[in-house]
Amino acid sequence: MAYQMEYAYTSHTGNVRANNEDNFWCCGETMGAFNQGTGGVRTGRTVQSDYPLFAVFDGMGGESCGEMAAYLAANACGRHYRENRVSLKEQPEQFLDEICQDMNRAVCEYSQENRIRIMGTTTVMLAVSEGNLYACNVGDSRLYEIRKKTGEQEGNFQQISIDHVLRGGPFCKAPLTQYVGIPENHMGLEPSVLKLEMKPGVRYLLCSDGVTDMIADEEIAEIIAGETTVQKAVETLLCRSLERGGRDNVTMILCEVTEEERRPRLLRWLENRIKKEPVQSGY
(Lines give C-alpha, C1' and ligand atoms only; values in the text may rest on other atoms or scores of the structure.)
Protein backbone atom coordinates (compact mmCIF):
# COMPACT_ATOMS: atom_id res chain seq x y z
CA MET A 1 0.00 0.00 0.00
CA ALA A 2 1.26 3.49 -0.87
CA TYR A 3 0.96 6.25 1.72
CA GLN A 4 0.93 10.02 1.82
CA MET A 5 1.42 12.48 4.67
CA GLU A 6 -0.65 15.53 5.47
CA TYR A 7 1.30 18.04 7.55
CA ALA A 8 1.00 21.40 9.28
CA TYR A 9 3.77 23.43 10.86
CA THR A 10 4.45 26.73 12.59
CA SER A 11 7.13 28.67 14.45
CA HIS A 12 6.40 31.53 16.86
CA THR A 13 8.66 33.66 19.07
CA GLY A 14 6.29 33.28 22.04
CA ASN A 15 5.23 35.97 24.49
CA VAL A 16 8.53 36.65 26.26
CA ARG A 17 11.49 36.32 23.92
CA ALA A 18 12.22 39.01 21.35
CA ASN A 19 14.06 36.61 19.05
CA ASN A 20 13.41 33.14 17.67
CA GLU A 21 16.09 30.55 18.42
CA ASP A 22 14.03 27.75 16.82
CA ASN A 23 14.11 26.57 13.23
CA PHE A 24 12.81 23.69 11.14
CA TRP A 25 13.14 21.75 7.91
CA CYS A 26 9.81 20.67 6.42
CA CYS A 27 9.78 19.23 2.91
CA GLY A 28 12.19 21.90 1.65
CA GLU A 29 10.82 24.79 3.74
CA THR A 30 12.98 26.44 6.42
CA MET A 31 13.72 29.89 7.90
CA GLY A 32 16.65 32.29 7.91
CA ALA A 33 19.02 32.74 10.83
CA PHE A 34 17.21 35.82 12.15
CA ASN A 35 13.46 35.48 11.85
CA GLN A 36 10.18 36.18 13.61
CA GLY A 37 8.62 32.82 12.86
CA THR A 38 6.33 31.68 10.07
CA GLY A 39 3.60 34.29 10.61
CA GLY A 40 0.93 31.62 10.92
CA VAL A 41 0.27 27.93 10.39
CA ARG A 42 1.29 26.41 7.06
CA THR A 43 0.09 23.13 5.59
CA GLY A 44 1.09 20.71 2.85
CA ARG A 45 0.96 17.17 1.55
CA THR A 46 3.70 14.80 0.44
CA VAL A 47 3.85 11.18 -0.70
CA GLN A 48 5.87 8.25 0.56
CA SER A 49 7.73 7.87 -2.74
CA ASP A 50 9.23 11.36 -2.29
CA TYR A 51 10.98 10.15 0.91
CA PRO A 52 10.27 13.38 2.81
CA LEU A 53 12.13 14.57 5.90
CA PHE A 54 10.76 16.66 8.78
CA ALA A 55 12.95 18.26 11.46
CA VAL A 56 12.69 20.76 14.34
CA PHE A 57 15.65 22.61 15.90
CA ASP A 58 15.86 24.47 19.22
CA GLY A 59 19.03 26.57 19.46
CA MET A 60 20.91 27.55 22.59
CA GLY A 61 23.72 29.93 23.45
CA GLY A 62 24.26 33.56 24.44
CA GLU A 63 23.33 36.56 22.28
CA SER A 64 22.58 35.34 18.72
CA CYS A 65 24.30 31.96 19.06
CA GLY A 66 21.06 30.00 19.46
CA GLU A 67 19.58 31.38 16.26
CA MET A 68 22.78 30.68 14.34
CA ALA A 69 23.13 27.13 15.70
CA ALA A 70 19.55 26.25 14.75
CA TYR A 71 19.94 27.89 11.33
CA LEU A 72 23.29 26.20 10.59
CA ALA A 73 21.89 22.81 11.57
CA ALA A 74 18.74 23.30 9.48
CA ASN A 75 20.82 24.47 6.51
CA ALA A 76 23.19 21.49 6.80
CA CYS A 77 20.18 19.20 7.16
CA GLY A 78 18.65 20.49 3.93
CA ARG A 79 21.93 20.32 2.04
CA HIS A 80 22.63 16.74 3.14
CA TYR A 81 19.07 15.69 2.30
CA ARG A 82 19.22 17.14 -1.21
CA GLU A 83 22.58 15.53 -1.92
CA ASN A 84 21.92 12.12 -0.32
CA ARG A 85 18.20 11.48 -0.50
CA VAL A 86 18.76 8.18 -2.31
CA SER A 87 20.51 6.81 0.78
CA LEU A 88 17.42 7.66 2.85
CA LYS A 89 15.57 5.12 0.73
CA GLU A 90 18.28 2.45 0.82
CA GLN A 91 20.10 3.00 4.15
CA PRO A 92 17.90 5.19 6.36
CA GLU A 93 19.71 4.60 9.66
CA GLN A 94 23.07 5.43 8.09
CA PHE A 95 21.51 8.48 6.44
CA LEU A 96 20.27 9.80 9.79
CA ASP A 97 23.59 9.20 11.53
CA GLU A 98 25.47 10.98 8.74
CA ILE A 99 23.07 13.92 8.61
CA CYS A 100 23.54 14.42 12.36
CA GLN A 101 27.32 14.35 11.93
CA ASP A 102 27.07 16.94 9.12
CA MET A 103 24.89 19.22 11.25
CA ASN A 104 27.25 18.86 14.21
CA ARG A 105 30.25 19.66 12.04
CA ALA A 106 28.58 22.80 10.65
CA VAL A 107 27.81 24.17 14.12
CA CYS A 108 31.24 23.26 15.53
CA GLU A 109 33.12 24.88 12.63
CA TYR A 110 31.18 28.14 13.03
CA SER A 111 31.76 28.09 16.78
CA GLN A 112 35.51 27.56 16.38
CA GLU A 113 35.88 30.19 13.66
CA ASN A 114 34.07 32.78 15.77
CA ARG A 115 35.58 31.72 19.12
CA ILE A 116 32.20 30.96 20.68
CA ARG A 117 32.38 28.83 23.81
CA ILE A 118 28.75 27.73 24.19
CA MET A 119 26.63 27.15 21.10
CA GLY A 120 24.39 24.31 20.01
CA THR A 121 20.92 23.10 19.11
CA THR A 122 18.67 20.17 19.75
CA THR A 123 17.05 18.36 16.86
CA VAL A 124 14.23 15.88 16.34
CA MET A 125 13.58 14.35 12.92
CA LEU A 126 11.09 12.08 11.19
CA ALA A 127 12.18 10.47 7.92
CA VAL A 128 10.11 8.46 5.44
CA SER A 129 11.87 5.51 3.86
CA GLU A 130 10.84 2.47 1.83
CA GLY A 131 7.86 1.12 3.76
CA ASN A 132 8.81 2.56 7.16
CA LEU A 133 9.33 5.71 9.18
CA TYR A 134 12.49 6.51 11.13
CA ALA A 135 12.65 8.75 14.19
CA CYS A 136 15.86 10.47 15.24
CA ASN A 137 16.64 12.96 18.00
CA VAL A 138 19.54 14.67 19.75
CA GLY A 139 18.66 16.59 22.92
CA ASP A 140 15.20 17.15 24.42
CA SER A 141 13.05 18.27 21.49
CA ARG A 142 10.38 15.62 21.24
CA LEU A 143 8.54 13.32 18.85
CA TYR A 144 5.15 11.93 19.84
CA GLU A 145 3.07 9.25 18.13
CA ILE A 146 -0.70 9.65 18.41
CA ARG A 147 -3.48 7.61 16.84
CA LYS A 148 -6.61 9.61 16.09
CA LYS A 149 -9.85 8.87 17.93
CA THR A 150 -12.20 6.77 15.78
CA GLY A 151 -15.76 6.61 17.03
CA GLU A 152 -15.67 5.42 20.65
CA GLN A 153 -12.10 4.13 20.40
CA GLU A 154 -9.55 6.28 22.24
CA GLY A 155 -6.36 7.25 20.44
CA ASN A 156 -3.04 5.75 21.57
CA PHE A 157 -0.26 8.15 22.63
CA GLN A 158 3.44 7.68 23.30
CA GLN A 159 6.69 9.62 23.26
CA ILE A 160 9.01 8.18 20.62
CA SER A 161 12.08 10.36 21.18
CA ILE A 162 14.50 9.92 24.08
CA ASP A 163 15.28 12.95 26.25
CA HIS A 164 19.06 13.32 26.38
CA VAL A 165 19.17 15.07 29.76
CA LEU A 166 20.64 14.64 33.22
CA ARG A 167 18.20 14.12 36.06
CA GLY A 168 17.52 17.60 37.36
CA GLY A 169 15.72 18.96 40.38
CA PRO A 170 11.99 19.78 40.37
CA PHE A 171 12.58 23.52 39.93
CA CYS A 172 15.32 23.65 37.31
CA LYS A 173 15.77 22.68 33.68
CA ALA A 174 17.75 19.46 33.36
CA PRO A 175 21.03 19.98 31.44
CA LEU A 176 21.47 18.26 28.10
CA THR A 177 23.78 15.29 27.70
CA GLN A 178 23.58 15.42 23.90
CA TYR A 179 23.12 18.28 21.43
CA VAL A 180 24.19 19.28 17.93
CA GLY A 181 27.38 21.29 18.33
CA ILE A 182 29.36 18.94 20.58
CA PRO A 183 33.10 19.27 19.81
CA GLU A 184 34.51 15.90 18.75
CA ASN A 185 37.27 16.09 21.37
CA HIS A 186 34.69 16.42 24.19
CA MET A 187 32.41 13.42 23.60
CA GLY A 188 30.83 11.57 20.72
CA LEU A 189 27.53 12.56 19.18
CA GLU A 190 25.07 9.71 19.74
CA PRO A 191 21.69 10.34 18.10
CA SER A 192 18.78 8.10 19.07
CA VAL A 193 17.29 6.35 16.02
CA LEU A 194 14.15 4.19 15.99
CA LYS A 195 12.35 2.36 13.18
CA LEU A 196 8.55 2.82 13.09
CA GLU A 197 5.85 1.03 11.16
CA MET A 198 3.91 3.26 8.79
CA LYS A 199 0.18 3.04 9.56
CA PRO A 200 -2.69 5.17 8.25
CA GLY A 201 -4.46 7.27 10.87
CA VAL A 202 -1.35 7.84 12.98
CA ARG A 203 -0.12 11.36 13.68
CA TYR A 204 3.41 12.41 14.61
CA LEU A 205 4.23 15.63 16.46
CA LEU A 206 7.76 17.06 16.34
CA CYS A 207 8.16 20.02 18.68
CA SER A 208 10.51 22.23 20.67
CA ASP A 209 10.14 22.55 24.43
CA GLY A 210 8.20 25.75 23.93
CA VAL A 211 5.28 23.35 23.48
CA THR A 212 6.10 20.64 26.04
CA ASP A 213 7.05 23.08 28.84
CA MET A 214 3.67 24.82 28.50
CA ILE A 215 1.32 21.88 27.85
CA ALA A 216 1.20 18.52 29.66
CA ASP A 217 1.53 15.34 27.62
CA GLU A 218 -2.04 14.30 28.41
CA GLU A 219 -3.42 17.54 26.99
CA ILE A 220 -1.19 17.34 23.91
CA ALA A 221 -2.54 13.84 23.27
CA GLU A 222 -6.14 14.97 23.71
CA ILE A 223 -5.75 17.87 21.28
CA ILE A 224 -3.99 15.93 18.55
CA ALA A 225 -6.21 12.85 18.78
CA GLY A 226 -9.40 14.89 18.92
CA GLU A 227 -8.95 17.58 16.26
CA THR A 228 -10.25 16.76 12.79
CA THR A 229 -7.28 18.14 10.81
CA VAL A 230 -3.56 18.57 11.43
CA GLN A 231 -3.93 22.30 10.74
CA LYS A 232 -6.57 22.72 13.45
CA ALA A 233 -4.50 20.67 15.92
CA VAL A 234 -1.42 22.86 15.37
CA GLU A 235 -3.49 26.03 15.71
CA THR A 236 -4.90 24.76 19.03
CA LEU A 237 -1.48 23.73 20.37
CA LEU A 238 -0.01 27.11 19.45
CA CYS A 239 -2.93 28.93 21.08
CA ARG A 240 -2.61 26.90 24.30
CA SER A 241 1.18 27.38 24.46
CA LEU A 242 0.75 31.15 24.25
CA GLU A 243 -2.18 31.23 26.67
CA ARG A 244 -0.12 29.32 29.26
CA GLY A 245 2.62 31.95 29.13
CA GLY A 246 4.57 31.35 25.91
CA ARG A 247 7.83 31.65 27.85
CA ASP A 248 9.89 30.14 25.04
CA ASN A 249 9.82 29.97 21.25
CA VAL A 250 7.16 27.58 19.94
CA THR A 251 7.91 25.40 16.91
CA MET A 252 6.14 22.25 15.77
CA ILE A 253 5.40 20.01 12.79
CA LEU A 254 2.41 17.66 12.87
CA CYS A 255 2.17 14.88 10.25
CA GLU A 256 -0.61 12.38 9.59
CA VAL A 257 -0.17 9.17 7.59
CA THR A 258 -3.00 8.44 5.16
CA GLU A 259 -3.50 6.21 2.14
CA GLU A 260 -2.19 7.84 -1.01
CA GLU A 261 -4.72 9.36 -3.35
CA ARG A 262 -3.91 8.67 -6.97
CA ARG A 263 -3.63 12.13 -8.52
CA PRO A 264 -1.38 13.44 -11.31
CA ARG A 265 2.03 14.59 -10.03
CA LEU A 266 1.53 18.12 -11.48
CA LEU A 267 -1.76 18.46 -9.57
CA ARG A 268 -0.05 17.39 -6.32
CA TRP A 269 2.69 19.98 -6.91
CA LEU A 270 0.16 22.77 -7.49
CA GLU A 271 -1.78 21.80 -4.35
CA ASN A 272 1.39 21.89 -2.25
CA ARG A 273 2.31 25.34 -3.57
CA ILE A 274 -1.11 26.66 -2.59
CA LYS A 275 -1.11 24.98 0.83
CA LYS A 276 2.28 26.41 1.79
CA GLU A 277 0.85 29.94 1.88
CA PRO A 278 0.58 31.13 5.52
CA VAL A 279 -2.77 30.66 7.21
CA GLN A 280 -3.61 33.57 9.52
CA SER A 281 -4.36 32.12 12.96
CA GLY A 282 -4.40 35.34 15.00
CA TYR A 283 -1.17 34.57 16.88
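Above this text you will find the structure in question.
Residues numbered from 1 in each chain as written. Predicted model: local features only at pLDDT ≥ 70, side-chain atom pairs only at ≥ 80, totals over all residues. Heavy atoms only, no water.

Engineer: Just to check I follow, could you spell out the pattern of salt bridges for this structure?
Structural biologist: Side-chain pairs of opposite charge can arise where the charged atoms are in close proximity. Applying the stated criterion to the full structure yields nine salt bridges. Glu197 serves as the salt-bridge partner of Lys199, at 3.9 Å between the closest nitrogen and oxygen. Look at the salt bridges and you will find they share partners, linking Arg142, Asp163 and Asp217 into a network. (Salt bridge = Lys/Arg side-chain N within 4 Å of Asp/Glu carboxyl O.)

Engineer: What is the right way to look at the pairing of strand S11 (residues 250–259) in this model?
Structural biologist: Successive side chains on a regular strand alternate, one facing one side of the sheet and the next facing the other. Burial analysis of S11 places nine of its 10 residues in the buried class, the great majority of the element. Judged from the five bridges that link them, strand S10 (residues 202–207) and S11 form a sheet pairing that is antiparallel. Residue pairing across strands places Tyr204 opposite Cys255, the latter belonging to S11. (Buried < 20%, exposed > 50% of the residue type's maximum accessible area, 1.4 Å probe, protein only. Helix = DSSP H or I, 4+ residues; strand = E, 2+ residues; numbered from the N terminus. Pairing = 2+ DSSP bridges.)

Engineer: Just checking my understanding: could you explain the sheet that holds strand S8 (residues 157–159) for this structure?
Structural biologist: Two strands in a sheet stick together by hydrogen bonds in their backbones, pointing the same way (parallel) or opposite ways (antiparallel). With antiparallel pairing, the six strands of this open sheet are ordered in space as S3-S1-S11-S10-S7-S8. Single-partner strands in this sheet number two, and they are strand S3 (42–47) and S8. Looking at each pair of strands side by side, their axes are set apart by 20° on average, direction ignored. In this structure, strand S7 (residues 142–147) lies alongside S8, joined through three bridges in antiparallel fashion. Bridging from a neighbouring strand, Ile146 pairs with Phe157 of S8. Against the sheet, helix H5 (residues 230–243) makes contact with strand S1 (3–12), S3, S10 and S11, and its axis sits at roughly 160° relative to S11, the strand it touches most. (Axes fitted to C-alpha atoms, helices over the stretch in contact; angles between N-to-C directions. Contact = heavy atoms within 4.5 Å.)

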